[in-house]
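What the coordinates show
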Amino acid sequence: MSSFLQSNLLLFIVQYSYFSHTIPSSLFPSSCQLQEQFHINRMQKSGEVILGGLFPVHFFSSISDLLFTSQPEQPTCHSFNVQGFRLAQTMAFAIDEINNNSSLLPNVTLGYTLYDNCAELGIGFRGALSLVSGQEEQIILHNTCAGNPPVVGIVGDSSSTRSIAISSILGLYRVPMVSYFATCSCLSDRQKYPSFFRTIPSDAFQVRAMIQILKHFGWTWAGLLITDDDYGLHAARSLQSELSVSGEGCLAYIEVLPTDKDTDELRRIVDVMKKSTAHVVIAFVFETHMINLMEEIERQNVTGLQWLASEGWTATAAVLQTPQLMPYLGGTLGIAIRRGEIPGLREFLLQIRPDLLDSNSYGKTMVNEFWEFTFKCRFAPAPAGWVEGGGALCTGQEDLENLNTEFLDISNLRPEYNVYKAVYALAYSLDDMLQCKPGRGPFSGHSCATLQSLEPWQLVYYLERVNFTTPFGDQVSFDENGDVVPIYDVMNWLWLPGGSTKVHNVGEVKGSAFKGEEILLDEDKIFWNFNSKKPVRSVCSESCPPGTHMVRKKGEPKCCFDCIPCSDGKVSNISNSLGCTSCPEDFWSNPQRDHCVPKKTEFLSYHGPLGICLTATSLLGTCTCAVVLGIFIYHHKTPIIRANNSELSFQLLLSLKLCFLCSLLFIGRPRMWTCQLRHAAFGISFVLCVSCILVKTMVVLAVFKASKPGGGTSLKWFGAMQQRGTVLFLTAIQAAICTAWLVSASPSPHKNTQYHNDKIVYECAVGSPFGFAVLLGYIGMLAFLSFLIAFLVRNLPDSFNEAKLITFSMLIFCAVWVAFVPVYISSPGNYADAVEAFAILASSFGLLITLFGPKCYIILLKPELNTKKAIMGRGAEL
């Protein structure tokens, strides 16, 4: 503290050397005196340790013209503020209570010096400087500047603007300042205000509490009214920032209320409120601003608004709670300072009597003004004309206890409770400091602070760590920014049927380091000033219905949007700014676009018309083969069967039956085994069939050569064993191709969504197109050889004219499969399976009819032609 005193003494020495003509000639005088004292209303009580206080005991001040032609007059204050006076008395009560408490600061008497700042920055600044420098008219200089500082800490100020200015100076010397009403979030900046503390939550928390209320009732569209000072401007900045981060709402407008009664500006602001679609109005203002605004609102009869009030006017603006204004302000919800109880305060206030104070006592002026204000009287000498006008003279004996006055109503202690906590915070910090044991202290060399050598920063150290509980049960401690544990009451303006009003508690908002802000509301107790008796709805755009998503309107806040239907495959079941969400792979949007449904599945089903037709055709072909085989077996000894290589005919009929049956593998939902088997069965069955035809054709050619001279040896290469071996060898090659295909790149089931977005087409992926091409190519090669040989021997003698039938059958077979390739490639999904199954059936029927139809015709309908003579003589008819 010595450095602090030296700085102030140096200032006084400089003032003295400049203005005084009685200074000694030595460079360092033995004493100095104040150039001028600030004449400020104050209350004072002596003590070993002094606490300072700054309170708005008056609303306004007047300053004379600064012409500097004469010594400037001191500012004067007017318009007595009863609440400000009660705040000062609360601090006096708290100090008296501490002095009477043997467990807190024992053997130490606290005193106080309380100044009236008149709600004016300049006067508050004068008071703060007077507190930290002292008001002694003459200071005797010693070799050392040791001893108690004039004040160890200050309770105040009530205004954010004044607290910013004062704390900026006091922070240089680390003089602790504990505010009870300054809420600007900017004061949490520890770099700028290192010794500032407060027992009221920061506006940053108040803003978050406001947002919790908005969120609770679904109000996403609101207007904002602020004051043109640090309180309003920082609140607006914080509110905009928090809304932007949380995304809980938007501001329709931000208007700054004029300090004075600017009718044109007020009319413009009310017009903005009327035209806006926002039905909720947030007001970070004080009651003086609201009075002027409400006069204009009443004049224009603007109703239907839900007011959300800041702590600046929620619970203290009795002047607004009138029958004329309640039609507009009834139902107001607001944030209020935590209400507390201070036992014994009312009894202390009742002890205030002007006749008990000495005329020279500090505080006499304020007590007299309070008495005159309360009893509507004047102390002698009364102002001129007061008595003549019927005014009463004060005696000081008036009965205060039986008077119904706001001053004695302690049921709603809010700022007073904060003052009470601020005084106790300083007291507990001092108590913790004095309990320090030498050698175990927190300062250099483990030293402790003492009252005789106290430095301001040492008390700041203990203030940062103070932790106590009030008699009301509230815990008081400060965080790293000097902010108290935040808690607010939520108040509601109740408009009673008789026209009276009541501001009652309907909930609270608490701050937590772990859970953030928690809001507790009793909605049954809330009065809504609307015909519906329900909360008003305030949104810029209604929430988008399911199946649509928000598209922000150009040039407007994000709360204003159009609802656009979701595109196919996307859904939305809640309103959100992220748009529609895509359905999972196997799902698709329903027609309403509000939820995803499983996609329709599509494959060549046995139950579909096409599947039924193919199945029936396949079974028909299989049965026909069986019937033809039965006919051939039954008539196997007849000439027509024996003349056409009956064994190969039986093998051909069996292979055709397999061809008809393998088409069934292309019907039904694809599975791994069906996908692998279908192409293998198809390839092997058709190779077996075409191999039989090829061998038959080669036998015909061999028989023809054997009939010529010297050609008898040709038949020995085409005996029954060679025929079977040739068919088996050619079929084995196809089996090897299928095995290699299945091992290297096996066909597998595949869910295809490329053809239809809303359908899943189940199909068999061929795995290796090259393997499929080799399989088909091998069949085509055998078919082409059969066709070529049969074509070359088509004009042989009549006894060998089965070559004509083979030529025709191979022509049909090749035509079907040549047409199959482009159609298969261009057919989507299950239609490709249908095309392949159709090609199998068509080619199979072509072979069955062309090769076995004429023989069955002769066997069944023309038995007279089924003789050796007829066959040898009428072969041309075959």
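What this report covers is the structure whose coordinates are included nearby. Please read all numbers here as calculations on a predicted model, not as lab measurements.

The number of helices and strands found in the protein is 22 helices and 31 strands. Each of the 878 residues in the protein was classed as buried or not, and the buried ones make up 50%. A fraction of 68% describes how many contacts in the protein between residues 6 or more apart in sequence connect residues 24 or more apart. Accessible area of the protein: about 41300 Å², with a carbon and sulfur share of 57%.

Another aspect to go through is the layout of surface pockets. Once rolled over the atoms, a probe with the size of a water molecule shows which space is left empty. Volume-wise, the largest pocket comes out at about 1600 Å³. Breaking the lining of the largest pocket down by element, the ones donating at least two residues are β4 (58–62), α2 (82–99), α4 (160–170), α8 (287–300) and α11 (364–375). Considering each element in turn, the lining of the largest pocket owes the most residues, 5 residues, to α8. Split into classes, the residues belonging to the lining of the largest pocket amount to 19 nonpolar, 18 polar and 8 charged.

Our next topic: the packing of aromatic side chains. Here the structure, examined in full by the defined rule, presents 38 aromatic pairs. Taking the centre distance of 5.6 Å and the plane angle of 80° together, the rings of tryptophan 313 and tryptophan 493 count as edge-to-face. Taken together, the positions of tryptophan 313 in the loop between β14 (306–309) and α9 (326–329) and tryptophan 493 in strand β20 (residues 487–495) put the pair 180 residues apart, joining distant regions of the chain. Under the relative-accessibility criterion, tryptophan 493 is labelled buried at 1%. Taking the centre distance of 6.2 Å and the plane angle of 75° together, the rings of phenylalanine 443 and tyrosine 462 count as edge-to-face. Note that phenylalanine 443 is positioned in the loop between α12 (415–434) and α13 (456–464) and tyrosine 462 in helix α13, a separation of 19 residues in sequence. Judged by its relative accessible area of 9%, tyrosine 462 is buried. Members of the aromatic cluster, each reached through a chain of ring pairs, are Phe80, Phe85, Phe370, Trp371, Phe373, Phe375 and Phe407.

If you walk through the whole model with that rule in mind, you get 21 salt bridges. The partner of glutamate 255 in a salt bridge is arginine 268, with the nearest N and O atoms 2.5 Å apart. Here glutamate 255, found in strand β12 (residues 250–257), pairs with arginine 268, found in helix α7 (residues 263–275); they are 13 residues apart in sequence, far enough to count as distant. A relative accessible area of 35% means that arginine 268 is categorised as partly exposed. Between arginine 338 and aspartate 489 there is a salt bridge, with the nearest N and O atoms lying 3.4 Å from each other. With arginine 338 in the loop between β15 (333–337) and α10 (345–350) and aspartate 489 in strand β20, this residue pair connects regions lying 151 residues apart in the sequence.

The next thing to look at is the packing of helix α16 (residues 646–662) against helix α21 (residues 830–861). Packed helix pairs are characterised by how far apart their axes lie and by the angle those axes make with each other. The interhelical angle for the contact between α16 and α21, taken along N-to-C directions, is 155°, at an axis separation of 9 Å. In terms of orientation, α16 lies roughly antiparallel with respect to α21. The two elements α16 and α21 meet at a crossing, and its hand is left-handed. Of α21, the residues touching α16 (which contributes Ser649, Leu652, Leu653, Leu656, Cys659, Phe660 and Cys662) are Ile840, Leu841, Ser844, Phe845, Leu847, Leu848, Leu851 and Phe852. Its residues assigned to classes, the contact of α16 with α21 shows 13 nonpolar, 2 polar and no charged.

Paired through their backbone hydrogen bonds, the strands of a sheet run either parallel or antiparallel. The strand order across the open sheet built from 6 strands is β2-β6-β3-β8-β9-β10, with neighbouring strands paired in mixed fashion. Two strands bound the open sheet, and with one partner strand each, they are β2 (42–45) and β10 (196–198). When strand polarity is set aside, the average angle formed by the axes of neighbouring strands in this sheet is 20°. Relative to strand β6 (residues 110–116), strand β3 (residues 49–55) runs parallel, the two sharing 7 bridges. Bridge assignment links glycine 52 to a residue of β6, and that residue is threonine 113. On the sheet, helix α3 (residues 121–133) packs against β3, β6 and β8 (153–155) and is oriented at approximately 180° with respect to β3. Docked against the sheet, α12 engages β3, β6, β8 and β9 (177–179), running at close to 165° with respect to β8.

On the surface, Phe38, Leu129, Ile169, Leu172 and Tyr173 cluster together into a nonpolar patch covering about 410 Å² of accessible area. As for its placement among the helices and strands, leucine 172 is situated in the loop between α4 and β9.

Cut-offs used in this document
Each chain carries its own residue numbering, running from 1 in the written order of its sequence. In keeping with the predicted nature of the model, local features appear solely for residues at pLDDT of at least 70, side-chain atom pairs appear and are counted solely at 80 or more, and the whole-chain, interface and lining totals rest on all residues. Hydrogens and water are ignored here; the side-chain numbers use all heavy atoms of the structure. By the criteria applied, helices consist of DSSP H or I runs no shorter than four residues and strands consist of E runs no shorter than two, each listed in order from the N terminus. Only protein chains enter the accessibility calculation, which uses a 1.4 Å probe. A residue is then buried if its area is under 20% of the maximum for its type, exposed if over 50%, and partly exposed in between. Note on contacts: a residue pair is in contact if any heavy atoms of the two residues lie within 4.5 Å. Computed with the Shrake-Rupley method and a 1.4 Å probe, the accessible areas treat only the protein chains shown as cover for residues. A pocket, in this scheme, is an open set of points on a 1 Å grid over the protein atoms alone with protein on both sides within 12 Å along at least 5 of 7 lines, while a cavity is a set where a 1.4 Å probe fits but cannot get out; residues line either one if an atom lies within 4 Å of a point. Grid points are joined across faces, edges and corners, and a volume is the space filled by probe spheres set on the points. The nonpolar class holds Ala, Val, Leu, Ile, Met, Phe, Trp, Tyr, Cys and Pro. Asp, Glu, Lys and Arg form the charged class, and all remaining residues, Gly among them, are polar. Each Phe, Tyr or Trp ring (for Trp, its six-membered ring) is paired with any other whose centre lies within 6.5 Å, and the angle between the two planes then decides the class: stacked below 30 degrees, edge-to-face above 60, tilted in between. Any carboxyl oxygen of Asp or Glu that lies within 4 Å of a side-chain nitrogen of Lys or Arg is treated as forming a salt bridge with it. Axis lines are fitted through C-alpha atoms, for helices just across the contact stretch, and the angle between N-to-C directions can take any value from 0 to 180 degrees. Oblique is the label for every angle not falling under 35 degrees (roughly parallel), over 145 degrees (roughly antiparallel), or within 65 to 115 degrees (roughly perpendicular). Handedness of a crossing is defined here by the sense of rotation of the near helix relative to the far one, left-handed for an anticlockwise turn of less than a right angle and right-handed for a clockwise turn. Two strands are said to pair when DSSP picks up at least two bridges between them. Patch definition: residues above 30% relative accessible area lacking any salt bridge, with like charges linked at up to 9 Å and the nonpolar side chains Val, Leu, Ile, Met, Phe, Trp and Tyr linked at up to 5 Å.

Remember, this is a structural readout, not a statement about activity or role.
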